[in-house]
Amino acid sequence: MTVATGVFIALTVVSIWLHVRRERKAERRAARAPHRCRRCRATVAAGAATCPRCGVPQQAFELMSAPAAGPAVEADDAPLRAHVRTDVCVGCGACAAACPEDGALTMRGKLAVIDADRCKGHGECATACPVGAIAMARGAAVNRVVVPLLDAHFQTNVSGLYIVGELGGRGLIKNAVNEGKIAIEHVHAVRRKAAARSVGRRTDPEDVLDVIIVGGGPAGLSAGLQAVRAGLRYVVLEQGTLADSVRKYPRHKLLLAEPVSIPLYGDLWVADASKEALLQVWESAVKRAGLRVITGHRVDAVQRADHDTFVVQTSDGAAHRAHCVVLAMGRRGTPRRLGVPGEDSARVVYDIAEMSDFKGRRILVVGGGDSAIESVVGLANQQGTTVTLSYRGESFDRAKPRNLQKLQAAQSSGRVTIVLRSQVREIRDDVVVLDVAGESRILPVDDVIVRIGGNPPQGLLDRIGVKMVEKELGLPAAEALGA
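Structural notes, computed from the coordinates. (Residues numbered from 1 in each chain as written. Predicted model: local features only at pLDDT ≥ 70, side-chain atom pairs only at ≥ 80, totals over all residues. Heavy atoms only, no water.)

In space, the five strands of this open sheet follow the order β20-β27-β21-β22-β23, with parallel pairing throughout. Taken across any chain shown, the strands that pair with only one partner, and hence form the sheet edges, are β20 (348-349) and β23 (416-419). Note that strand β22 (residues 386-390) and β23 share four bridges and pair parallel. Across the sheet, residue T388 finds its bridge partner in β23, namely T417. (Pairing = 2+ DSSP bridges. Helix = DSSP H or I, 4+ residues; strand = E, 2+ residues; numbered from the N terminus.)

Shown next, in the form of C-alpha cells:
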C-alpha cells in the first residue's frame, strides 16, 4: 500500500467518524429541544413524558419516529462493526461473553448494546449469538428492526387497519396498553365522522361492526376496553384463552416502573409483580366492563370486502365484518401445540423473550429445528440453568451446521442433555412424562418450552398489503423496545 493510499484511507475514516459524531450531537440537541406531539401536534416540552393537550405518553411514538434505514450506513470504506436486531435479541448475554473488546458490547437490561467507538468488528458476537440477532456491517452501528409502517394513530398504509403491541414491534406491556387505547380513540373519531356524513342515509347492517380486535393480550384487551368506553360495536377475537399472551408470558416478573392507565379500570402501577397478579387485574377489568371476547377463534385471513369494510375469517369458518380492524397479535403467530395433557399449564411457553428469566431453573425444550436449538444454546448460557432437549427424530437433519456446532459444544460441556427419539406424553405439576424409544421416563422440570414451529402472521400482513420498513433506533428507543 502506497503512502497516498494510506493517507486517503485515514482521511476517509476520519471523515466518517466526524459525520457520525455530528449526527449524534444533532440527536442529543433534538432530544433537549421541545417537539410536537405526533398525535395532536401540540408543543411538548423537552423531557416531558406526556403531551399536555391529549395526554398521550410520548414514548408511544419513539419507534414510529425513528428514521428508516438507508444505504449510507453500508459504505464500503467504512469500518466493519456489529449491528443488533433489537426485535430478535433475547438477552441471553452470549454475545457479551464472547466479545474480546472490553466495553464494546454490554447488556443493558435485557438488550445487547453496541458501543460504536469500541467495536472493532471482530465478529465473535455474531458467531456466539444463538438467535442470529447480530450481523456485521460497515458504517455506523445502530439497532435495527423491521416493523409495519404506521402513522401516529397506529394505522397502517391500509386505511382502517391498525397494528398495536408486539406485532408492531414493541412488546412491553405499558407500550401495548397505550397503543391499543390510542388506536381505538382514532377508530372512534373516524366512525363518528362517518356517522355524521351518513345522516339520513341507509344504516349499516347489524352484522357490520365498527371494529374487530384480533388478540386478547394487553394491547387487545386495552383496545377492547376502550371500545366499550367509546360505545363502539366491537368484538375481540382470541385464538387461545382470555389474556393467553399474559398467562403464557415468558417473563417470570413484569416490571411496570410507571403507572399505566387501563381503560375502565384506572391507573395500574405494579412494581416487581408476577404475571399472575397482572392477569387478575385484566380479568377484573374485563368482568367489570362486560368485555365481549370470543376465545378459541384463530384469525386465518383479513380481507377487504369493499372500500369501507373488512371481512375477518376465523378457524371455525365464521366471517366477521367490520369497518376497522385492530391487529393486536404476537409477532410469532400461532404456535403448533403438543396436544398432550397438561399443556395448558402456565409453565408451558412457546417462545422466549428474556432468557435470563430462566436462570437457575430446570428447563425442557421440545423440538429439533433451529429455533429449538437456538433456545437451548441461549438457555444453557444462563447461570445455574439445566437444559434438556427432547426431539422425536434420530438426528437434527434440519438444523444449520453453525447451530449444531454450538449444541454439540454445550452438550460436551455438560450444560445440555439431549434425548432423541422422545416425545412428551404428559405435563404434570413438577415433572414431564417422556416416551423415549417406547419406554416411559419421568423428568423433573420447572418450565417447558415448545419450539415445534407455527404459522407466523407475516403472510397475513403481506396478503392485505401492509408495508414494512426497516428502522434505525438510537439507544433510548432501543431500550424502550427491548429492555
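Having put the structure on the table, let's press on.
Quick look at the sheet that holds strand β25 (residues 431-436) now. The strands making up a sheet associate through hydrogen bonds between their backbones, and the pairing can be parallel or antiparallel. Pairing is antiparallel across the open sheet formed by three strands, whose spatial order is β24-β25-β26. Each end of this open sheet is capped by a strand with a single partner; those strands are β24 (422-427) and β26 (439-444). Taking the axes of each pair of neighbouring strands and ignoring which way they run, one obtains an average angle of 30° across the sheet. (Axes fitted to C-alpha atoms, helices over the stretch in contact; angles between N-to-C directions.)

A complete count under the given rule lists one aromatic pair for this structure. With 5.3 Å between their ring centres and 20° between their planes, Y391 and F396 make a pair best called stacked. (Phe/Tyr/Trp six-rings, centres within 6.5 Å; stacked < 30°, edge-to-face > 60°.)

The next subject is unusual backbone geometry. Residue R41 is not a glycine yet carries a positive backbone phi of 70°. Among the secondary structure elements, R41 is positioned in the loop between β1 (35-36) and β2 (43-44). Classification of R41 by relative accessible area gives partly exposed; the value is 47%. Phi at R421 is positive, roughly 50°, even though this residue is not glycine. Structurally, R421 can be placed in the loop between β23 and β24. You can call R421 partly exposed: its relative accessible area is 46%. (Buried < 20%, exposed > 50% of the residue type's maximum accessible area, 1.4 Å probe, protein only.)

Relative to each other, helix α5 (residues 173-197) and helix α6 (residues 218-230) sit at 35°, their axes nearing to 7 Å. Here α5 runs over α6; the crossing is right-handed. Of the residues in α6, those in contact with I173, A176, V177, G180, K181, I184, E185 and H188 of α5 are P218, A219, S222, A223, Q226, A227, R229 and A230. Residues of the contact of α5 with α6, tallied by class, amount to nine nonpolar, four polar and three charged. (Left-handed = near helix turned anticlockwise from the far one by under 90°. Contact = heavy atoms within 4.5 Å. Nonpolar A, V, L, I, M, F, W, Y, C, P; charged D, E, K, R; others polar.)

Attention shifts here to a positive patch on the surface. Residues R36, R38, R41 and R53 make up a contiguous surface patch of positive charge. Locating R38 in the fold gives a position in the loop between β1 and β2. (Patch = residues over 30% accessible without salt bridge, like charges linked within 9 Å, V, L, I, M, F, W, Y side chains within 5 Å. Areas by Shrake-Rupley, 256 points an atom, 1.4 Å probe, with all protein chains shown as cover. Salt bridge = Lys/Arg side-chain N within 4 Å of Asp/Glu carboxyl O. Lys, Arg positive; Asp, Glu negative; His and termini not counted. Charge placed at Lys NZ, Arg CZ, Asp CG, Glu CD.)

Before going further, it helps to spend a moment on the nonpolar core. Core analysis: the biggest nonpolar cluster contains 60 residues, and V211, V302 and L327 have the highest contact counts within it. Ranked by residues supplied to this core, first place goes to α5 with seven residues. Apart from the residues within four sequence positions on either side, V302 is in contact with F310, V311, V312, V325, L327, L460 and I464. Grouped together as the second largest cluster of nonpolar side chains are 25 residues, C92, I352, A372 and A380 included. (Core = buried A, V, L, I, M, F, W, Y, C linked by side-chain atoms within 4.5 Å.)

In the structure shown here, the tally under the stated rule is zero disulfides. C119 forms no disulfide, and the closest cysteine sulfur to it belongs to C125, at a distance of 6.2 Å. Using a relative accessible area of 13% as the deciding quantity, one classes C119 as buried. (Disulfide = S-S within 2.5 Å.)

For strand β9 (residues 208-214), the tally of buried residues reaches seven of seven residues, placing the bulk of the element in the interior. Taken together, the six bridges between β9 and strand β18 (residues 319-327) define a ladder with parallel strand orientation. The residue of β18 that forms the bridge with I213 is V326. Sheet topology places β9 next to strand β10 (residues 234-238); four bridges connect them, and they run parallel. Bridging from a neighbouring strand, I213 pairs with V236 of β10. Each parallel crossover has a hand, and the one from β9 via α6 to β10 is right-handed. (Right-handed = clockwise from strand over helix to strand, strands pointing away.)

Treat this as a map of the structure, not an account of what it does.
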